[in-house]
Structures are given as C-alpha cells and as structure tokens.
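# Fold and geometry: a report
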Amino acid sequence: MDELVARLRAAGCVFAEDEARIITEAADGDVARLEELAAARVGGLPLEHLVGWAELDGRRWLVAPGVFVPRQRSELLVREAAARAADAGSGPVLLVDLCCGCGALGGAVAARLLAAGRDVEIHAADVDPAAVTCAHDNLKALSDDAAAPGTGALTAHTYAGDLADPLPAEVWGRVDILVANAPYVPTSAISLMPPEAREHEPHAALDGGDDGLVILRRVIDLAPRLLRPGGHLLIETSEGQVSAAVEHLVASGLRPTVLSDEDLGATALAATLPG
C-alpha cells in the first residue's frame, strides 16, 4: 500500500492515500488487476472511471467511462435542495434534475428525502445518452433501495435531450425542486483544468461559454415555467460568477440566495419563484 501511495503522490494525486485504498479494494486481491488500475491512474485516467463509481453524499453512483464525474462540492446543492423540499406539501416531492450526468445530484437529493419518509417523483435529463444510461441505472438502484420499510417511494424517469426539452407537459409549472449542475467553466479556462477532466469528460459537460454562464442563463430562463409558485431552483456556480448570475435570477422574477461552503470549496445559488 505504501508503494502505491508513493506512486500516486508522485503522479500528482492529492488524495493519494484514499485513492490507493479505493484501487486496492477494486482489485480485490488480484495483483495483475491492481497494477493495471494503478498504471492507468498514474497515466491520468480518472479514478472514478477506473473503478466505475463516484461517491456523493455517502452513496456510490455508477459512472461509465467518458461520463461527467460528480464533484464532492455538489453536496452543498444536495443538502440545500433537500432542506427546501420541506415546503413541498404532503404529496410526492416533484424533483427535476437538468444536466443530470450520471444522476448523482438529483439521486442524492431524492435519497435524503426518501430516508425522511417522503415520496419522490424525479425527472432527470441530459444531452449525453451515455450519462442518461448511468442515471437510469443509478435511479433504479435507488428505487429498489427505497422499498425498505420506513422509506418513501421513488418514481424515476430519465430522458436524453437538451435541458428541459424532453420533459413531459404535465411536469411544467408543478416542480417543487429544480436542480442543475450545468457546465459553468468559461471556454478559455477549460485548458487549465486537470487533464483527467478536460481529456476524459464530455466537453459539453464542462464548457459554459465565454463567461461560463451561457447554459446557466438558459436554466434560469426555464425555471419560472417549470417551478410551481414557491418552488425552488438550485444551481452551482463559481464565486466570481455570483453577481452576474444573481442579476439574471432577479431579472427572471426569482428571489435568489447565495450559498457557500468553505470546507467543500463550493458556491451555489438557490432561488424561489414567488407564490
């Protein structure tokens, strides 16, 4: 293990000890497999693509090669979205996850609500068909787990398409919680990202246009038509983009709140549609 940690640290892996433990677990005693995984990681392949899962909010989510890897900082969105679902009434919480990737963000919000005994109806959409396949599998697994006594029931739907285009008509205007981890990296900054992201994740999942807000503005514009009065939008952004994003939220008729978590290195925005 010490030798593996040293190799990973020399390759620039910040959390070398944690990665060594995960790689060793994935190899399951197979020495040749351990070396294969270690060499691939040292070579720059994302750990999550190698082992086939990423952890978010205490749960493992399937992630196929080439699919966007959920970041730990998104736990801020998870807990804030789950907290805001408290005012959703007594029926199932209607949750929409746009730019859903592998479905981890919306799934993690749903998992918190299910554990609290709430029923959840989730609709998750992404432009990447490979990501939608992962989301389908992840939400099915979550639905199976929700069959345990004391948990809520989950109804899940996944769609391939551009933002909210594939959502059924009956969802519009009724959404309690809308989450979107839309791409917000400015185009010129993608070249500065770690190679495991810029070389192995979909460009469309990273590129937010000239100022990083092109897709987020589209999500904000959709929110008033998707949300019920009193419903909530939650989006992730960077600290430097907050002012411009808040301005667009206000112009769209939403009431924004800035969220941050120094430990996670996360900045996000919650916005409510006035009732």
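See above for the structure.
Computed from a prediction, not measured in an experiment: that's the story for all the values here.

## Some remarks on the nonpolar core
- The biggest cluster of nonpolar side chains holds 41 residues, and the ones touching the most others in it are Leu-95, Val-120, Leu-154, Ile-177 and Leu-234.
- At the level of secondary structure, the elements contributing two or more residues to this core comprise strand 1 (53-56), helix 5 (75-84), strand 3 (93-98), helix 6 (104-115), strand 4 (120-126), helix 7 (129-145), strand 6 (175-180) and strand 9 (266-272).
- Counting residues per element, this core draws most heavily on helix 6, which supplies 7 residues.
- In this structure, Val-96, Ala-223, Leu-226 and Leu-227 belong to the second largest nonpolar core, which totals 33 residues.

## A few points about the side chain of Thr-272
- Note that Thr-272 resides in strand 9.
- The exposure class of Thr-272 is buried, given its relative accessible area of 16%.
- Within the local environment of Thr-272, its side chain forms a polar contact with the side chain of His-232, the two groups lying 2.9 Å apart.
- Sequence-distant contacts of Thr-272, defined by excluding residues within four places in its chain, comprise Gly-230, Gly-231, His-232, Leu-254 and Arg-255.

## Things to note about the sheet that holds strand 8 (residues 255-261)
- Sheet architecture is open: 7 strands sit in the order 5-4-3-6-7-9-8, paired in mixed fashion. Only two strands of the sheet have a single neighbouring strand rather than two, namely strand 5 (154-160) and strand 8. Averaged over all neighbouring strand pairs, the angle between strand axes comes to 15°, with direction disregarded.
- By the bridge criterion, 4 bridges tie strand 3 to strand 6 in an arrangement that is parallel. Each residue of the ladder has a partner; that of Leu-95, found in strand 6, is Ile-177.

Rules used throughout
Residues numbered from 1 in each chain as written. Predicted model: local features only at pLDDT ≥ 70, side-chain atom pairs only at ≥ 80, totals over all residues. Heavy atoms only, no water. Core = buried A, V, L, I, M, F, W, Y, C linked by side-chain atoms within 4.5 Å. Buried < 20%, exposed > 50% of the residue type's maximum accessible area, 1.4 Å probe, protein only. Helix = DSSP H or I, 4+ residues; strand = E, 2+ residues; numbered from the N terminus. Polar contact = N/O pair within 3.5 Å; in protein donor to acceptor, adjacent residues only side chain to side chain. Contact = heavy atoms within 4.5 Å. Pairing = 2+ DSSP bridges. Axes fitted to C-alpha atoms, helices over the stretch in contact; angles between N-to-C directions.

Don't take any of this as a statement about function, it's just geometry.
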